[in-house]
Amino acid sequence: MAVIQDTFTEAGDTALASHTPDTGTSWSEALNSSAGYVQVNAANDYAESTVSENSCAIIMVANPAPGVADADVEVTLPGVETVSGTKDFYIIGRYQDTSNFYAIRLLPTTEANYAELLKVVSGSYTSLDTATPGLAADDVWKLEMVGTAIKGYRDSGAGYVEVLSATDSDISSAGNGGLGWGDIGPIGGHVRPAWKADDFTVTASVTAGFQLLWEVGLNMGSVPAEGELSIPVAMYDYRRRRV
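None of the values given here were measured: they were computed from a predicted structure.

The rules behind these values
- Residues numbered from 1 in each chain as written.
- Predicted model: local features only at pLDDT ≥ 70, side-chain atom pairs only at ≥ 80, totals over all residues.
- Heavy atoms only, no water.
- Core = buried A, V, L, I, M, F, W, Y, C linked by side-chain atoms within 4.5 Å.
- Buried < 20%, exposed > 50% of the residue type's maximum accessible area, 1.4 Å probe, protein only.
- Contact = heavy atoms within 4.5 Å.
- Pairing = 2+ DSSP bridges.
- Helix = DSSP H or I, 4+ residues; strand = E, 2+ residues; numbered from the N terminus.
- Axes fitted to C-alpha atoms, helices over the stretch in contact; angles between N-to-C directions.
- Phe/Tyr/Trp six-rings, centres within 6.5 Å; stacked < 30°, edge-to-face > 60°.
- Lys NZ or Arg CZ within 6 Å of the ring centre and 35° of its normal.
- 1 Å grid on protein atoms, 1.4 Å probe; cavity = no way out; pocket = protein on both sides within 12 Å on 5 of 7 lines; lining within 4 Å.
- Points joined across faces, edges and corners; volume = space filled by probe spheres on them.
- Nonpolar A, V, L, I, M, F, W, Y, C, P; charged D, E, K, R; others polar.
- Salt bridge = Lys/Arg side-chain N within 4 Å of Asp/Glu carboxyl O.

Draft legend 1. Spatial organisation of the nonpolar core. Membership of the largest hydrophobic core comes to 45 residues, with the highest contact counts inside it found for L77, F89, I91, L106, W141 and F200. Setting aside its immediate chain neighbours within four residues, F200 contacts I4, Q5, D6, F8, W27, A62, V73, E74, V75, G177, G178 and L179. By size, the runner-up hydrophobic cluster in this structure holds 11 residues, among which are V61, Y90, F101 and L118.

Right, here's the structure in full:
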């Protein structure tokens, strides 16, 4: 179930912190050490930084947070930075505060290991996995968090391909999905408006919901007669086919 959906549509350029998503309640500026902010570009229906600034950071988180820890955070990138340097963009999940979250970090493809799965715990950054899977405008990227399985996917037009993967249990609570520009690690970095974000979604894991329904069904202890509808069994069968 989508907790957040945002196509970044406004009649005029609007600060993202003042914008209401299509589904969800608001965006919060969790961190901003730059001289600008993130805005909705009304002419193009995407989010972008208003500044190009070195050694600073912006984190925007979408509200509300999903009610479960297992969730996906997805975003389309209408524009990506192509000029070399530490010019970071982040897709954030299980965000607790500026010192605790998971993220996919993207850099220009000129940089080594320009796609990275990472965690920030108690303010300390740890790389969980790196890859060079390709990166281009109009890519769709997904951060998937199911239990201790933390994964990153890229869709360049032919469907999602898993490109990053790790097992980690340090952040197990539900948290917000969000986006970041620049030095949010903190591992160094610069804010650039070339990174554009569109079609942002935060989805509570279907698997987690099915698991809950199945367990409820087991606890009820009822077995349906032939031909009767059993929601827990139907959900379990769907989940099994989905896997």
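Read on, since the account is not over.
Draft legend 2. Here's a closer look at the sheet that holds strand 3 (residues 26–32). Pairing in this open sheet of seven strands is antiparallel, and the strands run 3-6-15-8-9-10-11 from one edge to the other. The strands lining the two open edges of the sheet, one partner per strand, are strand 3 and strand 11 (124–131). For this sheet, the mean angle separating the axes of adjacent strands, direction not counted, is 20 degrees. Alignment of strand 8 (residues 89–97) against strand 9 (residues 100–106), held across six bridges, turns out to be antiparallel. Residue pairing in the sheet places D97 in a bridge with N100 of strand 9.

Draft legend 3. Local environment of the packing of aromatic side chains. Going through the model one piece at a time under the given rule, you end up with six aromatic pairs. Seen from their ring centres, F89 and W195 are 5.5 Å apart, and the 20 degrees between their planes marks the pair as stacked. With a gap of 106 residues between them, F89 in strand 8 and W195 in the loop between strand 15 (176–182) and strand 16 (196–204) connect regions that are remote in the sequence. Their ring planes at 25 degrees and their centres at 5.9 Å tell us that Y95 and F101 sit as a pair that is stacked. Through a chain of ring-to-ring contacts, the aromatic side chains of F8, W27 and F200 assemble into a single cluster. A cation over a ring is seen here: K142 above Y153, with NZ or CZ 4.8 Å from the ring centre. Across the ring face of Y160, the terminal group of K142 is positioned such that the distance to the ring centre comes to 4.5 Å.

Draft legend 4. Focus on the pairing of strand 13 (residues 149–155). Of all seven residues in strand 13, five are buried, a share of seventy percent or more. In this sheet, strand 13 lies alongside strand 12 (residues 139–146) in antiparallel orientation, the contact comprising seven bridges. Across the sheet, V140 pairs through a bridge with D155, a residue of strand 13. Relative to strand 14 (residues 160–167), strand 13 runs antiparallel, the two being bridged by seven bridges. In the sheet register, Y153 faces strand 14, and the bridge partner there is E162.

Draft legend 5. View of empty space enclosed by the protein. Counted according to the given criterion, the structure contains one cavity of 30 Å³ or more. For the largest cavity, the calculated volume is near 40 Å³. Sorting the residues of the lining of the largest cavity by element identifies strand 7 (71–79), strand 8 and strand 15 as the ones contributing at least two each. Tallied by class, residues from the lining of the largest cavity come to eight nonpolar, four polar and one charged.

Draft legend 6. Representation of the pattern of salt bridges within the structure. Scanning the entire structure with this criterion turns up eight salt bridges. Here E162 ties to K151 by a salt bridge, and the two come within 3.5 Å at their closest N and O atoms. Residue E162 is found in strand 14, and its partner K151 is found in strand 13; the two are separated by 11 residues along the sequence. The exposure class of K151 is partly exposed, given its relative accessible area of 23%. Taken together, the shared-partner salt bridges connect D88, R105 and E116 into one network.

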